[in-house]
Amino acid sequence: MRAFSYDRPDSVDAALRGVAGQPGTTTEAAVKFVAGGTNLLDLMKADVMRPERLVDISRLGLDRIEDTDDGGLRLGALARNADTAYDARVQARYPMLSKAILAGASAQLRNMATNGGNLLQRTRCYYFYDTGTPCNKREPGTGCGALTGVNRIHAILGASDSCIAVHPSDMCVALAALDAVVRVSGPKGERTIPFADFHRLPGDTPHIDSSLAADELITAIDLPVQGFADHSTYLKVRDRASYAFALVSVAAALKMDGQTIRTARLALGGVAHKPWRDPAAEAELTGKPASLETFREAARVLLRDAKGQSHNAFKIGLAERAIVRALAEAAGVEHS
Amino acid sequence: MSQPTGPAFQGHAQKQPAPPPDAMEVSLTINGSRKTLHVAPWTSLLDALRLHLDLTGTKKGCDHGQCGACTVLVDGRRINSCLTLAVMAEGRTVTTIEGLASGDALHPLQEAFVEQDAFQCGYCTPGQICSAVGLLEEGHAKSDDDIRELMSGNLCRCGAYPNIVAAIRQVMDAQPAANDGGAS
Amino acid sequence: MIAKPTIPAPLDRPGSQIGKPVSRVDGRLKVTGGAKYAAEFNTPGLAHGYIVSSAIARGRILAIDTAKALALPGVLQVFTHENRPSLPWFDRKWKDDDAPKGSPFRPLYDATIHHALQPIALVVAESFELARYAARLIHVTYEADEHQTDLRAAKADAFTPGKDKGGFQPPPKPRGDADRALAEAEVSVDLNFSQAVEHHNPMEMHASTVIYHTDGSLTVHDKTQGPINTQTYVCNVFDLSKDSVRVISPFVGGAFGSGLRPQHQLFMAVLAATALKRSVRVELTRPQMFSFGHRPETLQRVALGAKRDGTLTAVIHEAVQETSQTENYVEVVVNWSGQQYKCDNVRLDYKLARMDTHTPLDQRAPGAAIGVPALEIAMDELAAKLGMDPLELRLKNYTEVDPNTGKPFSSKELRACFQQGAERFGWHKRSHAPRSMREGRQLVGWGMATGVWDAMQGQAVASAKLGIDGTLTVGSATADIGPGTYTAMTQIAADILGLPIEKVSFQLGDTNLPMAPLQGGSWTVSSVGSAVKAVCDRLRDKLAGLAAGLNDGPLKGLKADDLTFADGFLIAKSDPSWRLSITEVMRANDLLVLEDEARSVPYYKSQMKHALGTHSAIFAEVRVDEDLGTVQVTRVVSAVAAGRIINPKTARSQILGAVVWGIGMALEEESMIDQRLGRFMNHDFGEYHIPVNADVHDIDVIFVEEHDDIVNPLGAKGVGEIGIVGVPAAIANAIHHATGKRLCDLPITLDKILEA
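Fair warning: this is a prediction, and the values are worked out from it, not measured in the lab.

Draft legend 1. Layout of the packing of helix 3 (residues 125–138) of chain B against helix 5 (residues 161–174) of chain B. Residues and elements named next belong to chain B. The geometry of helix 3 relative to helix 5 is characterised by a closest axis approach of 11 Å and an angle of 40° between their N-to-C directions. Comparing the axis directions of helix 3 and helix 5 gives the class oblique. Where helix 3 crosses over helix 5, the two elements pack in a sense that is right-handed. Touching Gln 128, Ala 132, Leu 135 and Leu 136 of helix 3 are Ile 164, Ile 168, Val 171 and Met 172, all from helix 5. Each residue belonging to the contact of helix 3 with helix 5 can be placed in one class, and the counts come to seven nonpolar, one polar and no charged.

This is the structure:
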C-alpha cells in the first residue's frame, strides 16, 4: 500500500468535487471513492492499485432500497450487499438477484461490500494480483501472463490477445440478466448506463474495466419491474462449496406461458471480462417449448464462439451443462 | 540467457514517492470504552486493534479478506477488519473477542466452543466466534447446512468445522425462538 | 531415569484422568483472545520488517536499488545480500533438526536466486505500513537463468537418494520378482498417479518477534514446532550463546510441518534486531507463505498382480518426487506399500528429481499421505477388476507381521477398524457396481481405504514442581501447534499424582524448560508424554518414601505400589481410611516444594523387535453432480487404532481435522505453477482452496481398543497424522464408485471428472 490521503465528505456534491476534473475512466483514476473497501483495499495492499487519495463515501446515505414509480426497485449504491440480498422486496420480486449475491464472497464481506462497489470489482486473475508477473490490465504493455500461463479460471468468451481475465462478480451476472440500469452522478449531472454497457470487453485496453468516468459516482442501480420471480435461478459452479469465485455461473430467467417460453434472459459469469449476455441465445429460447433440447440448443448458440486456453477448455462443456441445468431449474423442467 | 526485469514489471513512471501520510485522530468505541487513536489513513482496523490497542485477540490470517480470522463486529455486524481502514471506523462501535465475555462469565458461544472442542490451534477461533455472534444476530441460519454456508467465510486449517457447527447449534438451540419468520 | 516400558495400573484405574474427554486446559485463553502467538508480543519501540520477494525463479540479482526506500522518513534500514553482516560459511551452522542432507537455504547470503519468491531484501521501518510501502520502492534488476520447475521433465535426471533425512529409511530391497509376478498375474492393475504441490498454510502466517534487551540478549517469539530448534539455529547462524537467546512460543497457530524448520522470517527478524539493536517483528504475507517448503509434487506408479481369489502376487510402487537443487528432501512415499499387505513379490522404488524450487518440507503424514492413497486406489481398482468387495480384498491379504522386516506389529487392531468402521458406515448395504447408486442428478458413491502411520518416540526431558498446596507444574520445551499438548500432558501428570486437573499446569514453548524434540510425526504424546510420566513417577515415589518415613504416620513403611494417589491424597490400598494428603506429607517433612526432572528414552530393545504403527480404516460417501462434476463428501467414518487415547475429545478433533485435510487433498488443494515463470500463481487463500465449512459434513470417528505395552510407557501412539492417511483414496474410490471413473491425479477437481 502506497501513501495516500483520506477524506470523508458529507455530501454527494462534496464527494464529486473530490474527483472533479479527473480524466479518463474510474479504473485509472488517482483519486478513488472507497465505501466497503473489500476489493480496493485488498488491491492496494497487493500494490496493484495505487490511488493517491481516497474519498470515503460510506456515509453519504445512498443506502436505501426503494420502489420506483414504474414498479421497479432502486438499490442504493451504498446499500450493503447483505442488506440487498435479504431485503424482502428483493427476495420476493428478484429472487435470482438475492441468490446471486448470497452465492458470492462471505457473510462478512457481504456485510461490508456495497452495491456500487460490487460493480467495480476487479478481476481475480492471478497475474493481475501478482506484481512479479506481467499483466496488461495492471501494467499496460507488459503482456498477458495468463494467455500462455496458468489459465484454468480464465475467459472463454470475448477475450483478446491482451487479456483473458474474467469479471468476478455474481451479483452483476444477475443484474445483467435483469437489464438493470446504473445511475451515476457526475459534473454534468445525472446519467444512466444500461447494464450491458457498464462493463466492457478487454480488446487492447484491458486496463479499463468499465465505462464509468473518473469524475462520476454510482448512486443507484435500478431494477426494472420484470423480476422473473416465478421462473429464474442463479447457478454457480466453483471449486469448493462456498467462498470461491465462479468457474462458471448462470443467471437464467424466463417468462413462461404454460410450457412455452415467452421471454428469456441468460447471463453467464466466470467466462468473460464482463457478465456475458447473448441476444441470439435468448432469441433461440423465445417462443420455444421449455425442454432440455431447447436449452441445449440455446447453450450451443451462446457458446458458438467460445474458445478455450490451455487449462480452461473444460469451461465450454461445463458452461453448456450449467446453462441447461439452470434453465431447467428456472422452467421447472425435470432434468433426467 | 539474460532477462532483466524491473521491479516486478512495475513500469509506472517512477515519480518521487510521496512521504508517509500523517496520522489522523479517530474516535471510536471499542468493547464498550471510548478510544481516541492517532493513526495514518493506511492503517487497517485490524492493525489498529493489534498494534495500537494491543488487542491481539483479533487475528491476521491473510490480510486480504480471504480467511475471516480478523472478523470483528462493527455496529453489531460481522466484518473483516483487515479490509477496512481504522479512519473509516470513526464514531463506530467495535466489538472484538476481548469484549464478548462479561467479567469472568464467558459468552455462551465461547463456552460452547470450549465444550465442543471447536478449535485446535486457536488462531481462527476469535474470528469464528465473532462471526458466529454476527450469524446469530442476523438470524438467517436455520439448519446445520445454513450454519455451514454462513460460516464459510471463516477458514479453519485445523479442520474443526464439525465442532464449530455443533457449538453454534448448541447456542442456537438454547436461544428463545425469537427469530422465527422475522429474518427475511 | 529411564521410563520402563510397562503400563502401570494407575493409568487404567477407574476415575483415571487418562482417557477422559477433558476440555482443553488452554481453551479459555483461546476463546477470549488471551492466547498470544508469535506476532502478538508487543513492546515499546518495536520496529517492523517487510520482506521483498524475488520475481524470477533462477539467476542472480544484478542490482538492487534501495535509495528511494531509505529516503523515506521512518525507514530504518534495508537489508540485502550487499550489506548483510558476516554470516557463517559452513553448512552445518545452518542446519536445523529437520534438515535433510545438503546445503540449507541461506537468506540474503549472496546474489543468487534459487527459487521464485525467494526473500531478497528486508525493509525495516518504524511501522508495518511504512515498511510495506518502502518495500514497493525497491528496484531490483535480475539476470535470469533457465529454470526447471517441471517435474515431468526433471524426472529424466532423477536419482536414488540415500538415508538423507531423519525418520525415513530407504525402501527395502525387492523381495521375490515383482515384475515377473505382475506379468504372470491372473489379474493385474497398473496405474499412474500424480500429486500436486500443497502448501501448509496454517492460519497463522509465519512470524517472529525478536525482543532486543539492552545487554544484547534476545527473547524470540517464533512460530515454531520446536523452540530449541529455533534457539539452536539462531545461535549457530548469528554466533550467539544459548544463554543470550531465549525462545518463548506458548501458542502456535497451526503448522502441520511448516514450523519444523526455521523459516526465513526468523532469520530476518534476528538479523535486523541484532544489527539495529532494536526489537523487530517480521511477519510473512499470505503469498509469502508459498515461498518456502511444501508438500512436494509427486509422480507414482502402482502395479498390483493377484490371483482370481484376490491373493496378491505382485506389488510394485515407484515414486519420483521433487527436491531442490541444494538439499535432498526425502519422505520415501513407497515403503508402506511393502508393509500393508501380505505379498511375496514386492518392488519399491523411490527417486528424487532436482528442481528450482525451495526444498520441500514435511507436511502432515509426509510420504504416507501421498503413497498410501496410491496403493489404496490401486487396491480399489483391483477389487473392481476382481468383482470383489474392496474390504474383502484387504482382509484377504491382511498381515499380522510387517512383511518389509518380518517383525510382528507391537499391536495392530486394523481388523477391528475394518469391522467397526464398516458397521458404523453401513458398508454391507453397498451396491458394488459403479454408478449403481444415484439420487436425481447426484451420483452416490461409497469408497473405502486403509491408513497407516509409523508410531515413533524420541528422547525428551520433563521437569516437575509440586507445591505444598498440592499444585503441580510440569514443563518441557515442546510445542502445542493445536493437537492439545497442554491438555494431554496435564492429564498424564494429574493422573499419576492423583490430582484434580485444575491443580496441574503444564508449561511448554520455552527454551528455559527441559529438552523436548520437534513436535511432529505424531510423537509428542509418545516422547514428551513418556517424560512427563517419568518425572511424575519419580515425584510419586518420593512422596511415597516421605510418607513411609513418617514414623507415627498411617502410611509408615508402605511402598509406592501399596498406595493409591487420588484427589491430592496418598491412600493405602489395603485400607483406604489410612491416608495422608500431599500437603500433610510435605509439611511433616518440612518441604515447601518437591522438584524433579526426568528423561525418557525409547525402550529400543523391545521396540527394535517389532513394527510400530497406527492404522485406520476410512469409509467415505460422495455425491457427484453428474452434470457439473462437483463433489460433496457427505459422510466419512474413520476408525482408528492408535493405542491408548489420552483424551478422546481432542484426539477426535485431530482425526476430524485430518479428514478435512484429506478432503482438501482429494478435491481442492493444488499450488499451480507457471512453468515459464517457475512461480506458484494461486498464492493466496482466495485461489489456493482449502476446505471451507460448507465442504464438510458428517465425520464419524471411532477409536478402537488397542493395547500396546511396547510402543512406549503410555501405550499411546499419537494421532496427528493417521487421520489424513488414506482419506484421499477413500474419496477417490467413492468417486469411482459413483461415476465409474478412475481418477489418479490429485486433487480431483471437477474438470478432471467431467473430462475423464
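Draft legend 2. Representation of the domain arrangement of chain B in the model. All names here are of chain B. When cut into domains, chain B gives domain 1 (24–99) and domain 2 (108–174). On the side of domain 2, 17 residues touch domain 1, which itself brings 16 residues to the contact. Of the roughly 1,200 Å² buried between domain 1 and domain 2 on both sides combined, carbon and sulfur atoms contribute 55%. If you look at where domain 1 meets domain 2, you find one salt bridge. Here Arg 78 makes a salt bridge to Glu 138, at a shortest N to O gap of 2.8 Å. Joining domain 1 to domain 2, the criterion identifies eight residue pairs in polar contact (both at pLDDT 80 or more). Per element, the largest residue contribution to the side of domain 1 that touches domain 2 is three residues, and it comes from strand 3 (residues 71–74).

Draft legend 3. View of the pairing of strand 6 (residues 119–125) of chain C. Residues and elements named next belong to chain C. When you tally the buried positions in strand 6, you get seven out of seven residues, the bulk of the element. Bridge count for strand 1 (residues 47–53) against strand 6 is six bridges, and the pairing is antiparallel. Its bridge partner lying in strand 6, Ile 51 is registered against Leu 122. Pairing analysis gives four bridges linking strand 3 (residues 75–79) to strand 6, with the strands arranged antiparallel. By the bridge assignment, Gln 77 is partnered in strand 6 with Val 124.

Draft legend 4. A look at the confidence of the model for chain C. When pLDDT is averaged along chain C, the result is 96; 98% of the residues meet or exceed 70. Contacts for the low-pLDDT stretch residues 1–11 of chain C, under 50 throughout, to residues beyond four places or in other chains number 32 contacts.

Draft legend 5. Inspection of the interface of chain C and chain B at higher detail. Across the contact, 76 residues belong to chain C and 66 residues belong to chain B. Here chain C and chain B share an interface that buries about 5,700 Å² over both sides, 55% of which is from carbon and sulfur atoms. At the surface where chain C touches chain B, the tally comes to five salt bridges. At the boundary of chain C and chain B, one finds 30 residue pairs in polar contact (both at pLDDT 80 or more). If you list the elements that add at least two residues to the side of chain C that touches chain B, you get helix 1 (27–32), helix 3 (128–136), strand 7 (139–144), strand 12 (280–283), helix 15 (648–667) and strand 32 (696–703) of chain C. Top element by residues in the side of chain C that touches chain B is helix 15 of chain C. It accounts for nine residues. The class makeup of the residues in the side of chain C that touches chain B is 34 nonpolar, 21 polar and 21 charged.

Rules behind the numbers
Residues numbered from 1 in each chain as written. Chains lettered and ligands numbered in written order. Predicted model: local features only at pLDDT ≥ 70, side-chain atom pairs only at ≥ 80, totals over all residues. Heavy atoms only, no water. Axes fitted to C-alpha atoms, helices over the stretch in contact; angles between N-to-C directions. Helix = DSSP H or I, 4+ residues; strand = E, 2+ residues; numbered from the N terminus. Parallel < 35°, antiparallel > 145°, perpendicular 65-115°, else oblique. Left-handed = near helix turned anticlockwise from the far one by under 90°. Contact = heavy atoms within 4.5 Å. Nonpolar A, V, L, I, M, F, W, Y, C, P; charged D, E, K, R; others polar. Domains from an automatic or database assignment. Buried area = accessible area lost by both parts, 1.4 Å probe. Salt bridge = Lys/Arg side-chain N within 4 Å of Asp/Glu carboxyl O. Polar contact = N/O pair within 3.5 Å; in protein donor to acceptor, adjacent residues only side chain to side chain. Buried < 20%, exposed > 50% of the residue type's maximum accessible area, 1.4 Å probe, protein only. Pairing = 2+ DSSP bridges. pLDDT = per-residue confidence, 0-100.

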